[in-house]
Amino acid sequence: MVGVVPDRVQRAVALLDLRGDEVVLEIGPGPGAAAELVLARHPGVRYVAVDRSATAVARTTARNRAAVDRGRLIVRQGDVTDPDLADTVGGPFDVVLAVNVNVFWTRAACTEASALAALLVPGGALWLVYETPGGDDGRVLDGVRASLAVPGLGAPVVVREGVVAVGARRSRAGW
Ligand SMILES: C[S@@+](CC[C@H](N)C(=O)[O-])C[C@H]1O[C@@H](n2cnc3c(N)ncnc32)[C@H](O)[C@@H]1O
């Protein structure tokens, strides 16, 4: 049985539109709810979760102990701003997800977005999803768009239904 999953996480997982055989990378899983939901719904999915916080790593691991033990979930401590991110997470990935990870809207995090795009298979999707209870959607949207305006990512898709979400696919034609 899946534990309590916040509405923003449920909406984020729905946006991924998974077939069920993907390899997924999540940046900033926090307590690990998205991993739990995805792995419960899709027995064929493999998942890597990376958080800079040791507490988040411990919580994600504890919440998803069975998936970790079966090798379906790898949890690593790391920072998306780390230039050696690829060494930490492996890849390539079909989908990269981050929910409420602020670095992508508080500044133009183009280096980080490029690093994540490089971890995607051609056509793979990067989704950045935010809950904005204060209603400050515009600032978040502008910031995320600026971060995603990098070579190798296609035109962003914006979703504003309970969350502010921006998705972009890695170009199939290369960089
Ligand atoms: C606000 S919490 C959101 C947790 C979860 N995604 C959710 O929506 O419930 C943000 C998480 O991202 C992690 N985080 C923030 N910045 C990060 C970074 N630069 N690299 C890796 N993890 C980061 C934090 O440690 C924290 O666990």
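The rules behind these values
Residues numbered from 1 in each chain as written. Predicted model: local features only at pLDDT ≥ 70, side-chain atom pairs only at ≥ 80, totals over all residues. Heavy atoms only, no water. Helix = DSSP H or I, 4+ residues; strand = E, 2+ residues; numbered from the N terminus. Rg over C-alpha atoms; globule rule 2.2 N^0.38 Å. Contact = heavy atoms within 4.5 Å. Areas by Shrake-Rupley, 256 points an atom, 1.4 Å probe, with all protein chains shown as cover. Pairing = 2+ DSSP bridges. Axes fitted to C-alpha atoms, helices over the stretch in contact; angles between N-to-C directions. Near = heavy atom within 4 Å. Polar contact = N/O pair within 3.5 Å; in protein donor to acceptor, adjacent residues only side chain to side chain. Nonpolar A, V, L, I, M, F, W, Y, C, P; charged D, E, K, R; others polar.

A. Region of the structure containing the overall build of the chain. When helices and strands are tallied, the chain shows 8 helices and 7 strands. For the chain, the C-alpha radius of gyration of 15 Å lies close to 16 Å, the compact-globule estimate for 175 residues. Referenced to the eigenvectors of the C-alpha coordinate spread, the extents of the chain come out at roughly 40 × 35 × 30 Å. Expressed as a percentage of contacts within the chain between residues at least 6 apart in sequence, the contacts between residues at least 24 apart total 70%. Summed over its atoms, the accessible surface of the chain is roughly 8300 Å², and 50% of this surface lies on carbon and sulfur atoms.

B. Inspection of the sheet that holds strand S1 (residues 23-27) at higher detail. Ordered by their spatial adjacency, 7 strands build an open sheet running S3-S2-S1-S4-S5-S7-S6, and the pairing between neighbours is mixed. Unpaired on one side and paired on the other, strand S3 (73-77) and strand S6 (157-160) mark the two borders of the sheet. This sheet shows a mean twist of 15° between the axes of neighbouring strands, independent of strand direction. In this sheet, strand S4 (residues 93-99) lies alongside S1 in parallel orientation, the contact comprising 4 bridges. Pairing of Leu25 across the sheet is with Val96, part of S4. Where helix H2 (residues 33-41) meets the sheet, it contacts S1, strand S2 (46-51), S3 and S4, and its direction lies at approximately 180° from that of S2.

C. Looking closely at the site of the ligand. In the neighbourhood of the ligand, 16 residues make up the surrounding shell, with Arg8, Gly28, Asp51, Asp79 and Val99 lying closest. One of the backbone nitrogen or oxygen atoms of Val99 is found 2.9 Å away from a nitrogen atom of the ligand. Protein contact buries 81% of the 590 Å² of open area that the ligand shows by itself. The residue inventory of the shell around the ligand, partitioned by class, reads 6 nonpolar, 5 polar and 5 charged.

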